[in-house]
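Overview (structure and organization)
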Amino acid sequence: MNHNQLKKIAAEAALKYIPENSVVGVGTGSTVNYFIDALLTIKHKIAGTVASSKVTAVKLKELGFTVIDPNSVDELSIYVDGADEVNNSLQMIKGGGAALTGEKIIAAIAKKFICIADISKKVQILGKFPLPVEVIPIARSYVARTMVKLGGFPVYREGVVTDYGNTILDIWNLEILEPAKLEQTINNIPGVVTNGLFAVKPADILLLGTEDGVVTTIPNPALALLV
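Presented here is an overview of the structure given in this document. All of these numbers come straight from a predicted model, not from anything done at the bench.

With that out of the way, let us pick up a nonpolar patch on the surface. A surface patch of nonpolar side chains, amounting to about 290 Å² of accessible area, comprises I136, I138 and V193. Mapping V193 onto the fold places it in strand β10 (residues 192-195). V193 sits in the partly exposed class, given a relative accessible area of 34%.

Here the focus is the side chain of T167. Mapped onto the fold, T167 is located in strand β9 (residues 167-172). Ignoring anything within four residues of it in the chain, the contact list for T167 reads V133, E134, V135, P137, R140, Y156 and V160.

This part is about the packing of helix α2 (residues 30-39) against helix α3 (residues 54-62). Interhelical geometry of α2 versus α3 gives an angle of 25 degrees and a closest axis separation of 11 Å. As summarised for this structure, α2 and α3 are arranged roughly parallel, according to the angle between their axes. Seen along the crossing, α2 lies across α3 with a hand that is right-handed. Each of N33, I36 and D37 in α2 lies in contact with α3, whose residues at this interface are T56, K59 and L60.

Let's shift gears to the environment of G209. By the secondary structure assignment, G209 is in strand β12 (residues 205-210). In sequence terms G209 and V160 are 49 residues apart; their C-alpha atoms lie 30 Å from each other. If near-sequence neighbours (up to four positions away) are discounted, G209 is found in contact with L6, I9, A10, A117, D118 and I119.

The next subject is the pairing of strand β2 (residues 48-51). Because side chains alternate across β2, one face comprises the buried residues G48 and V50, and the other comprises T49 and A51, equally buried. The pairing of strand β1 (residues 23-26) with β2 spans four bridges and is parallel. When the bridges of β2 are listed, V26 appears paired with A51.

With antiparallel pairing, the four strands of this open sheet are ordered in space as β8-β9-β7-β10. Of all strands in the sheet, those bounded by a partner on one side alone are β8 (153-156) and β10. Ignoring which end each strand starts from, the neighbouring axes of this sheet average 30 degrees apart. Where β8 and β9 come together, four bridges link them in antiparallel fashion. The residue bridging P154 from the neighbouring strand is I171, located in β9. The sheet strands contacting helix α5 (residues 140-149) are β7 (131-135), β8, β9 and β10, and the helix crosses β9 at an angle near 15 degrees. Seen against the sheet, helix α6 (residues 179-187) touches β7 and β10 and runs at an angle of roughly 165 degrees to β10.

This part covers the packing of helix α1 (residues 3-13) against α2. Two elements in contact, α1 and α2, have axes separated by 8 Å at closest approach and are oriented at 50 degrees. Accordingly, the angle class assigned to the pair α1 and α2 is oblique. Considering only the axes of α1 and α2, their crossing is right-handed. On α2, the residues touching N4, K7, K8, A11 and E12 of α1 are S30, T31, Y34, F35 and A38. By residue class, the composition of the contact of α1 with α2 is four nonpolar, three polar and three charged.

One pass over the structure, following the stated rule, counts seven salt bridges. Among the charged side chains, a network of salt bridges with common partners joins D81, K94 and E103.

Conventions adopted
- What you see as residue numbers is a count from 1 along each chain, following the sequence as written.
- With pLDDT at 70 or above as the cut-off, local features in this predicted model cover only qualifying residues; side-chain atom pairs require 80 or more to be listed or tallied, and sums for whole chains, interfaces and linings still use all residues.
- The side-chain quantities take in all heavy atoms of the structure and omit both hydrogens and water.
- To count toward a patch, a residue needs a relative accessible area over 30% and no salt bridge; like charges are then connected within 9 Å, while nonpolar side chains (Val, Leu, Ile, Met, Phe, Trp, Tyr) are connected within 5 Å.
- Here the Shrake-Rupley method, with its probe set to 1.4 Å, supplies the accessible areas, and only the displayed protein chains count as covering residues.
- Each reported salt bridge corresponds to a side-chain nitrogen of Lys or Arg within 4 Å of a carboxyl oxygen of Asp or Glu.
- For helices the rule is a DSSP run of H or I covering at least 4 residues; for strands it is a run of E covering at least 2, with both sets numbered from the N terminus onward.
- Relative accessibility thresholds used throughout: buried, under 20% of the residue-type maximum; exposed, over 50%; partly exposed, between the two (1.4 Å probe, protein chains only).
- Contacts are assigned to residue pairs with any non-hydrogen atoms lying within 4.5 Å of each other.
- Angles shown run from 0 to 180 degrees and are taken between the N-to-C directions of axes, each axis being a line fitted to C-alpha atoms and, for helices, limited to the stretch in contact.
- Under this scheme an angle from 65 to 115 degrees is roughly perpendicular, one under 35 degrees roughly parallel, and one over 145 degrees roughly antiparallel; angles in between are oblique.
- Crossings are sorted by hand: turned counterclockwise from the far helix by less than a right angle, the near helix makes the crossing left-handed, and turned clockwise it makes it right-handed.
- Pairing between two strands requires that DSSP report at least two bridges joining them.
- Residue classes follow a fixed rule: Ala, Val, Leu, Ile, Met, Phe, Trp, Tyr, Cys and Pro count as nonpolar, while Asp, Glu, Lys and Arg count as charged, and any other residue, Gly among them, counts as polar.

Structure representation (structure tokens):
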């Protein structure tokens, strides 16, 4: 199977975790697009969706889903999204599509976060994929200089403006041995909106598309009740 087929089987495997009559948090990206297509088959069984980005919201509305403003929900039963990298602890780098802030907010609202990915996204140590950092424009140079002090090589993602009017710095040359600590350190830099490390609150379930089928990882045994 090619990468797209692996993404597709991982995305379709997430359907069994969707409670009936629930509001479903939907992420952003190529793997999530397969999930949206799969979710269409049970659209009549869910109450609506919450989108992590404008791009996702447009796609959901075009397919006839009810899209609810995140400010109108107290919590979500489930959030499904992809990853640019994911480690054994289900900590991730996300933000290749520049939707990291919305993704982090919807993940925080959700009770359960399901990561869907193909096997190429699984790593032992995070950091080969450049770490996206969303920055208020006036702080771009300052944040870049600070990231150099932290051992990174920042590259301005030219021509990209996030849903919230901000810019993206992609930080290369990081070997992230303490993801949660680095996530908090970067978020404390003045001018940073958030960064693409999802480590303080990692995924709860990983559905990984492989040549042998979908491999499920659930670090917290209590979450096995969802299966």
